Amino acid sequence: MRLTTIGSGTAAPPPRRAQSGTLIEVADVRLLVDCGSAVVTRMAELGIRWQDITHVANTHFHADHTSDIATLIYGWRYGQMPQESDPVELIGPPGSKATIEIDCTV
């Protein structure tokens, strides 16, 4: 198992830190826990392939934990050729599906 802290920033965006984001890697699973602002960019800076994320879990709905989900989904759909064909599992607290309401097969 490998644990990588991608972002540990707070609700007030700090100039040199991404907001909340942690990557847990076990075998073929690449679980991103929280995806706050600048997490996807920080992953690219660290050489972590956002294309290989298999699961995204959000602990709660605050923006500093969720604001880069749109960036991640947009990247999967339009930022690579061919487009991502394997489904990515989105996991969250009660109400997640109603809050996001997207086709999670990206």
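Criteria and cut-off values
Residues numbered from 1 in each chain as written. Predicted model: local features only at pLDDT ≥ 70, side-chain atom pairs only at ≥ 80, totals over all residues. Heavy atoms only, no water. Patch = residues over 30% accessible without salt bridge, like charges linked within 9 Å, V, L, I, M, F, W, Y side chains within 5 Å. Areas by Shrake-Rupley, 256 points an atom, 1.4 Å probe, with all protein chains shown as cover. Salt bridge = Lys/Arg side-chain N within 4 Å of Asp/Glu carboxyl O. Helix = DSSP H or I, 4+ residues; strand = E, 2+ residues; numbered from the N terminus. Buried < 20%, exposed > 50% of the residue type's maximum accessible area, 1.4 Å probe, protein only. Phe/Tyr/Trp six-rings, centres within 6.5 Å; stacked < 30°, edge-to-face > 60°.

**Structural notes on a nonpolar patch on the surface**
For step 1, the next point in the chain: On the surface, M1, V26 and V29 cluster together to form a nonpolar patch covering roughly 310 Å² of accessible area.
For step 2, the next point in the chain: Structurally, V26 can be placed in strand β2 (residues 21-26).

**Some details on unusual backbone geometry**
For step 1, the next point in the chain: Even without a glycine there, the phi angle at D34 is positive, about 70 degrees.
For step 2, the next point in the chain: Within the element layout of this structure, D34 appears in the loop between β3 (29-33) and α1 (39-46).
For step 3, the next point in the chain: Overall, D34 belongs to the buried group, its relative accessible area being 4%.
For step 4, the next point in the chain: Of note, A38 is a non-glycine position whose phi angle comes to about 75 degrees, a positive value.
For step 5, the next point in the chain: With respect to the helices and strands, A38 occurs in the loop between β3 and α1.

**A look at the packing of aromatic side chains**
For step 1, the next point in the chain: Inspection of every chain in the model, using the stated rule, returns one aromatic pair.
For step 2, the next point in the chain: Taking the centre distance of 4.8 Å and the plane angle of 50 degrees together, the rings of Y74 and Y78 count as tilted. Of this pair, Y74 and Y78 both sit in helix α3 (residues 69-78), four residues apart, which is roughly one turn of that helix.
For step 3, the next point in the chain: You can call Y74 exposed: its relative accessible area is 55%.

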